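Examining the three-dimensional arrangement
Spelled out, the chains give:
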Amino acid sequence: MNKFIEIKANAQSLGQRKRVHGIGVNDADYMTQRIDADGNRTICPYYSRWYSMLQRCYDPAYQNKKPTYIGCTVCKEWLLFSNFRRWMESQPWQGQWLDKDILLPGNKEYASNACRFVSSYVNLLLTDSGAVRGQYPQGVYFYKPSGKFKAQCNIKGKRKHLGYFPTVEEASTAYKKAKYAEIRRVADQQTDIEIRAGL
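Right, let's walk through the structure included here. Computed from a prediction, not measured in an experiment: that's the story for all the values here.

A few points about the overall build of the chain
A tally of regular secondary structure across the chain gives seven helices and nine strands. For the chain, the C-alpha radius of gyration of 21 Å lies well beyond 16 Å, the compact-globule estimate for 199 residues. Projecting the C-alpha coordinates of the chain onto the three principal axes gives extents of approximately 70 × 35 × 35 Å. For the chain, restricting intrachain contacts to residue pairs at least 6 apart in sequence, the fraction spanning at least 24 positions comes to 51%. For the chain, the accessible surface area stands at approximately 12400 Å², while carbon and sulfur atoms represent 52% of it. When the 31 basic and 18 acidic side-chain charges of the chain are each reduced to a single mean position, those positions are 6 Å apart.

Quick look at the structure:
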């Protein structure tokens with residue numbers, strides 16, 4: 001992966017900037033994204049994470065695809081790019097995902113007291129997927145050939161079949177037990193004590 005090289009922005013470039021997603025202010029004194037002679041776009045990794053965070057909170061088209069972000073906001077301090085960048089530079093962010101609710105379950109605001117960078121597996125471990133999973137609880141599916149309810153759970157990154165059950169409640173209980181054990185296993189591997197406690 002190529003390292004992003006910061007090139008100072010000229011007055012014209014700075015003057016053309018608009019609010020990002022109608023709310024964020026890009027106050028960087030360098031070009032946060034560029035297109036080279038071959039048409040390849042490079043983006044500042046700090047700006048990319050900041051832009052994506054604002055998109056999740058303030059882009060209606062994005063929220064139509066991912067409705068779990070409806071109602072999410074960014075704290076006032078982080079609406080200024082340089083503030084978010086300063087915080088991000090102090091975090092172990094390379095190859096990690098920005099998470100807003102491991103430390104504060106149910107949290108809807110991106111802010112320094114709630115956010116941490118975590119692995120993609122940790123980030124997805126607590127995803128509810130309520131908007132796309134259908135009528136049954138998480139991890140439960142109706143298996144038509146047997147007329148029973150199938151329970152399955154992702155364990156160590158692989159989908160594990162937990163069995164067939166006569167009722168939704170029994171299948172859901174099997175899923176919850178497996179999920180809890182997996183969360184506990186992953187929590188024990190975390191070196192950040194706040195993330196471990198949050199899980």
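Side note on the environment of Asp29
Locating Asp29 in the fold gives a position in the loop between helix 1 (11-15) and strand 1 (33-35). In contact with Asp29, other than residues within four places in its own chain, are Lys8 and Ala9.

Observations regarding helix 4 (residues 81-89)
The buried fraction of helix 4 amounts to seven of the nine residues, a majority that puts the element mostly inside the structure. Residues of helix 4 that are buried: Phe81, Ser82, Asn83, Phe84, Arg85, Trp87 and Met88.

Focus on the sheet that holds strand 8 (residues 148-155)
Across the sheet, which stays open at both edges, the three strands sit in the order 7-8-9 with antiparallel pairing between neighbours. Among the strands making up the open sheet, the edge pair consists of strand 7 (140-143) and strand 9 (158-165). Direction aside, the axes of adjacent strands within the sheet are offset by 30° on average. Across the sheet, helix 6 (residues 168-189) touches strand 7, strand 8 and strand 9, and the angle it forms with strand 8 is around 10°.

Considering unusual backbone geometry
Only a minority of non-glycine residues have a phi that is not negative, and only a minority of peptide bonds are not trans. Look at His21: it is not a glycine, yet its phi comes out positive at around 55°. Take His21: it is sitting in the loop between helix 1 and strand 1. Classification of His21 as partly exposed rests on a relative accessible area of 23%. Despite not being glycine, Lys156 has its phi angle at roughly 55°, a positive value. Within the secondary structure, Lys156 is located in the loop between strand 8 and strand 9. Overall, Lys156 belongs to the exposed group, its relative accessible area being 60%.

What to know about the pairing of strand 9
Relative to strand 9, strand 8 is paired through seven bridges, and the arrangement is antiparallel. When the sheet's bridge partners are listed, Ile155 is paired in strand 9 with Lys158. As consecutive antiparallel partners, strand 8 and strand 9 are separated by two residues, and within that stretch Lys156 has a phi angle of approximately 55°, a positive value.

Quick notes on helix 6
With 22 residues, helix 6 extends 32 Å between its outermost C-alpha atoms, agreeing within 8% with the 32 Å of an ideal straight helix rising 1.5 Å per residue. Looking only at helix 6, the buried set comprises Val168, Ala171, Ser172, Ala174, Tyr175, Ala178, Lys179, Glu182, Ile183, Val186 and Ala187. Its buried side turned inward, helix 6 meets helix 5 (120-125), strand 7, strand 8, strand 9 and helix 7 (193-198).

With respect to the packing of aromatic side chains
Summed over the entire model, instances satisfying the criterion amount to 14 aromatic pairs. Of note, Arg34 hangs over the ring of Phe4, and the distance from its end group to the ring centre comes to 4.8 Å.

Considering the pattern of salt bridges
Summed over all chains, the structure comprises six salt bridges. When the shortest N-O distance is used, the salt bridge between Arg85 and Glu6 registers 2.8 Å. With Arg85 in helix 4 and Glu6 in the segment before helix 1, the pair connects residues that are 79 residues apart, well separated along the chain. Exposure remark for Glu6: the relative accessible area of 41% places this residue in the partly exposed category.

Basis of the calculations
Residues numbered from 1 in each chain as written. Predicted model: local features only at pLDDT ≥ 70, side-chain atom pairs only at ≥ 80, totals over all residues. Heavy atoms only, no water. Helix = DSSP H or I, 4+ residues; strand = E, 2+ residues; numbered from the N terminus. Rg over C-alpha atoms; globule rule 2.2 N^0.38 Å. Contact = heavy atoms within 4.5 Å. Areas by Shrake-Rupley, 256 points an atom, 1.4 Å probe, with all protein chains shown as cover. Lys, Arg positive; Asp, Glu negative; His and termini not counted. Charge placed at Lys NZ, Arg CZ, Asp CG, Glu CD. Buried < 20%, exposed > 50% of the residue type's maximum accessible area, 1.4 Å probe, protein only. Pairing = 2+ DSSP bridges. Axes fitted to C-alpha atoms, helices over the stretch in contact; angles between N-to-C directions. Expected span 1.5 Å × (residues − 1). Phe/Tyr/Trp six-rings, centres within 6.5 Å; stacked < 30°, edge-to-face > 60°. Lys NZ or Arg CZ within 6 Å of the ring centre and 35° of its normal. Salt bridge = Lys/Arg side-chain N within 4 Å of Asp/Glu carboxyl O.

Remember that the coordinates give geometry; whether it matters functionally is a separate question.
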